[in-house]
Amino acid sequence: MANNDEKRHPNEADRARSSQDGLVRKYAEEADVCIVGAGAAGGVLAYELAKAGLRVVVLEAGPFWDPQRDFASDELSMQRLAWQETRLVAGNDPLRLGHNNSGRGIGGGTVHFTGVFLRFHESDFMTRTADGVGEDWPITYHDLAPYYDKIEREIAVSGPHHFPWGAFQGPYPYPVREPISANAQLFREGCDKLGIESVVAPLAILSAPFDGRPPCINRGFCNQGCMPNAKYSGLIHHIPKAIAEGAEVLSDCTVTEILMAGDRVSGVLFSHQGLMHRQMARVVILAGFVVETPRLLLNSATSRFPQGLANSSGWVGKAIMPHSSHDVYGRLPEEVRLYKGTPVLALTQHFYETERERGFARGYTLSAHGSRPVGMAGAIATEREDKTFLWGKQLRETMLDYNMYARITLVGEVLPHPDNAVTLSGEKDENGMPIPKVTFSYQENDRKLYQHAIGQMNRIMEAMGGKPEHVVSDTAHLMGGCRMGNNPEQSVVNEFGQSHDIPNLFIAGASTFVTSSGSNPTNTVMALAARTADKLIEAMQQRDV
Amino acid sequence: MAKHRRYPAYDVWEEHANWDVHTRQIVGARKMPQVAHSYLLPAEALLLQAIVSVLVDDHRLEVLTFVVAHIDESLASPVGESQRKVGVPEKKQLYRLGLAGVEAESHAEFGCEFGALSAGDQEQVLKRISGGSVKEQEAWTHAAAVDFFKKLLHDTVQAYYSHPLVWSDIGYGGPAYPRGYVRVEKGLTDPWEAKANGE
């Protein structure tokens, strides 16, 4: 990857400096803030803090991608955009990790997310009060609303003029996407027939030019990395802007330990090309997602903090939540061609809020979701809800009708449970760090919820003119593990992501979620990060951390 | 391959000149897979090819060779498995034990090696393994038959449905950059997409 050809990448100079020519460092003595992880949360924080004049260093385990050279229109090869290091999985419903819910490299999961950009509802922040389940957040929707506004404007989210569910009713900053794919059209027609309201999805994908980037060309490979740069990612938006504001972003640098000086964090230890380095900092922010953040905290135990850092409550690693994300594939008499267009272009939150007569608490979002051959064949062959396998002639004949299939996908709320947890296993990786173990089992409410959703997806599929043929058991996203709260005995961080135990240690990202909601989480991850940034800037200016 | 293809005249590779260079390299390499293996022993590679052929119901050598080469490459690679269930051996070991288990099961049920069985008998052996109802229990003491079958089927299907010949079979539009799609709505197709009437 020598760097003597034409400049095709906005960060070419930084990319070369960070990964190729050894480690040239800008704030080797000490930074004001060291951010671990350059994903959805880390990107927002890096930009906001650098803009405020703070000396920021971002350490990212994965590479500094160049969309033109590193991405491809191909499912199999682009699995490398995910965190593929082996994690042990356990429980009654062991999770699929990797490409299913994690990112690796600058931009993190935003590099391969579908771009669905929803807000949580007011009820999502108070499920204990409203429904007697889960836990209340230490903040309300209204604490976060200004930050949702800010992020959506800043990245030009496209969406409908009117959004019928939740506290935010629209309009979105950029026009709604048009046209929509056949699968999305059929889904909306099916919903209409049943009296279920649906919308074109709000998306972090451009519907018109913005900031030197073009609108979407409906290539359809959002999950394999956007090549035209029409889809938002931290890689092409927040990180380049952070660098322009003076932040240093070091890729291929894996943080293995948080360093302590007495009761305070002093920096981190990281590995780059087999050598260990230190980055000292006044404040450390962990933004390494739901598995790696608890892993780091647990692995950094000292005699002063024998249970791991920030863990006097014992809640580090606990109450992790995926979304239940079952799929229904149905066969239609006409061609649908699931490969075409942005994968998610229509959705409904008709079933979002608790309705007691359904026999479970909370609810879900249903989306029309595209699918490609590797994704569809893999899912219907090996991830069937009935636990059977599909192979041989049956699989081949099903896939010969690939173009006749439509797909609906669930984003279902999973309630927090302390037994669903990230812990350290006895096995070690090549850096000598214990491999994390991720344990997950659905609880009764979770199962009732997704069974209800499967019923509704089947109904909508039939209203689309399709015959539901394959129900796939899957999960999406991952949240929790370092939850926020007002009570230091039952939570890891406060409402701003600041550790209850160690005042100059912050946690950002989905790991601070208290509950999972029934919405795609990225908008909330970024809004929370922006809120943390505001608080931290104020505190650091007043020398308050 | 009893069932007919909907798009017999369609060949997705014909469009490769319209794909970006990186994608063209990746997909093109699948048409010329390595026959030398890094992890699998020659006998294991042959056995794996016979199993893959049953799993995907296809006998085209060029496709099967690619699938086996891809699995071999992943077995030799330092890249992780994303996740591994507690109690399941590492992928390398799982394949070694599992392939031996298939051979053992074939001998236990039919008295000869898997490669020499009729297609129906091969299917019968794999059916037992997929359901965990194996006759030769001892071969599966360190790796559960179902765990092996799931990993094997997963890896096989992912590679198989990445081959451009298979994309053509099913009418998948394939790579779409830099051109994207103009006609995405119901009933519309761009000129280069597969057409059921064979145009």
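What you are looking at is a predicted structure, and each value in this text was computed from that prediction instead of being measured.

Engineer: So what exactly am I meant to see when it comes to the nonpolar core here?
Structural biologist: One recurring pattern in soluble globular proteins: nonpolar side chains tend to sit buried together. Ranked by internal contacts, the top residues of the largest apolar core, which has 230 residues, are Leu45, Ala46, Val56, Val284 and Ile285 of chain A. Counting residues per element, this core draws most heavily on helix H2 (residues 42–56) of chain B, which supplies nine residues. Leaving out residues up to four positions away in the same chain, Leu45 of chain A has contacts with Ile35, Ile285, Ala287, Ala508, Ala529, Thr532 and Ala533 of chain A.

Engineer: What exactly am I supposed to notice about the packing of helix H3 (residues 61–76) of chain B against helix H6 (residues 145–160) of chain B here?
Structural biologist: Any two packed helices are characterised by how steeply their axes cross, that is the angle between the axes, and by the distance between the axes. All names here are of chain B. Running from N to C, H3 and H6 point in directions that differ by 125°, and their axes come no closer than 9 Å. As summarised for this structure, H3 and H6 are arranged oblique, according to the angle between their axes. As for the relative orientation of H3 and H6, their crossing is right-handed in sense. Of H6, the residues touching H3 (which contributes Val63, Phe66, Val67, His70, Ile71 and Ser74) are Asp155, Thr156, Ala159 and Tyr160. Here the contact of H3 with H6 is composed, by residue class, of six nonpolar, three polar and one charged.

Engineer: Honestly, the confidence of the model for chain A in this entry has me stumped. Any pointers?
Structural biologist: Close reading of the predicted structure is inappropriate where its pLDDT is low. Here chain A averages 95 in pLDDT, and 96% of its residues register 70 or above. Considering only residues more than four positions removed or in separate chains, one finds that residues 1–20 of chain A, a stretch of pLDDT under 50, has 27 contacts.

Engineer: Please explain helix H9 (residues 373–382) of chain A as it appears in this structure.
Structural biologist: Spacing of three or four residues puts side chains on the same side of an α-helix, whose turn is 3.6 residues. With ten of ten residues buried, H9 of chain A is to be regarded as a mostly interior element. Residues of H9 of chain A that are buried: Pro373, Val374, Gly375, Met376, Ala377, Gly378, Ala379, Ile380, Ala381 and Thr382 of chain A. At its buried positions, H9 of chain A is contacted by strand E10 (327–331), helix H10 (393–400) and strand E16 (467–472) of chain A together with H6 and helix H7 (164–170) of chain B.

Engineer: When you look at the UniProt feature "domain: Glucose-methanol-choline oxidoreductase C-terminal" (unreviewed entry) in chain A in this model, what are you seeing that I'm missing?
Structural biologist: According to UniProt, the positions carrying the feature "domain: Glucose-methanol-choline oxidoreductase C-terminal" (unreviewed entry) are residues 416–529 of chain A. Between the C-alpha atoms that bound residues 416–529 of chain A there is a distance of 21 Å. The span itself is 25% helix and 25% strand.

Engineer: Looking at this model, I keep getting lost on the pairing of strand E14 (residues 421–428) of chain A. Mind explaining?
Structural biologist: A regular strand carries its side chains on alternate faces of the sheet. Residues and elements named next belong to chain A. The pairing of E14 with strand E15 (residues 434–439) spans five bridges and is classified as antiparallel. Paired with Ala421 across the two strands is Thr439, which belongs to E15. What sits between E14 and E15 in their antiparallel hairpin is a turn of five residues, with Gly432 showing a positive phi close to 80°.

Engineer: Where do I start with the environment of Leu46 of chain B in this structure?
Structural biologist: Residues and elements named next belong to chain B. As for its position among the elements, Leu46 is in helix H2. We classify Leu46 as partly exposed; it has 15 C-beta atoms within 10 Å. Sequence separation between Leu46 and His163 is 117 residues; the distance between their C-alpha atoms is 20 Å.

Engineer: Can you walk me through the sheet that holds strand E1 (residues 83–85) of chain B in this structure?
Structural biologist: Strand pairs in the sheet, formed through backbone hydrogen bonds, run parallel or antiparallel to each other. Pairing is mixed across the open sheet formed by four strands, whose spatial order is E14(A)-E15(A)-E3(A)-E1(B). Edge positions in the sheet fall to E14 of chain A together with E1 of chain B, since each of these pairs with one other strand and no more. Taking each pair of neighbouring strands and ignoring which way they run, the sheet shows an average axis angle of 35°. Contacts from helix H8 (residues 289–299) of chain A reach strand E3 (87–90), E14 and E15 of chain A, with the element oriented near 65° to E14 of chain A.

What counts and what doesn't
- Residues numbered from 1 in each chain as written.
- Chains lettered and ligands numbered in written order.
- Predicted model: local features only at pLDDT ≥ 70, side-chain atom pairs only at ≥ 80, totals over all residues.
- Core = buried A, V, L, I, M, F, W, Y, C linked by C-beta atoms within 7 Å.
- Buried ≥ 20, exposed ≤ 12 C-beta atoms within 10 Å, placed from the backbone.
- Helix = DSSP H or I, 4+ residues; strand = E, 2+ residues; numbered from the N terminus.
- Contact = placed C-beta atoms within 7 Å.
- Axes fitted to C-alpha atoms, helices over the stretch in contact; angles between N-to-C directions.
- Parallel < 35°, antiparallel > 145°, perpendicular 65-115°, else oblique.
- Left-handed = near helix turned anticlockwise from the far one by under 90°.
- Nonpolar A, V, L, I, M, F, W, Y, C, P; charged D, E, K, R; others polar.
- pLDDT = per-residue confidence, 0-100.
- UniProt positions renumbered as here; feature names shortened; annotations may be inferred.
- Pairing = 2+ DSSP bridges.

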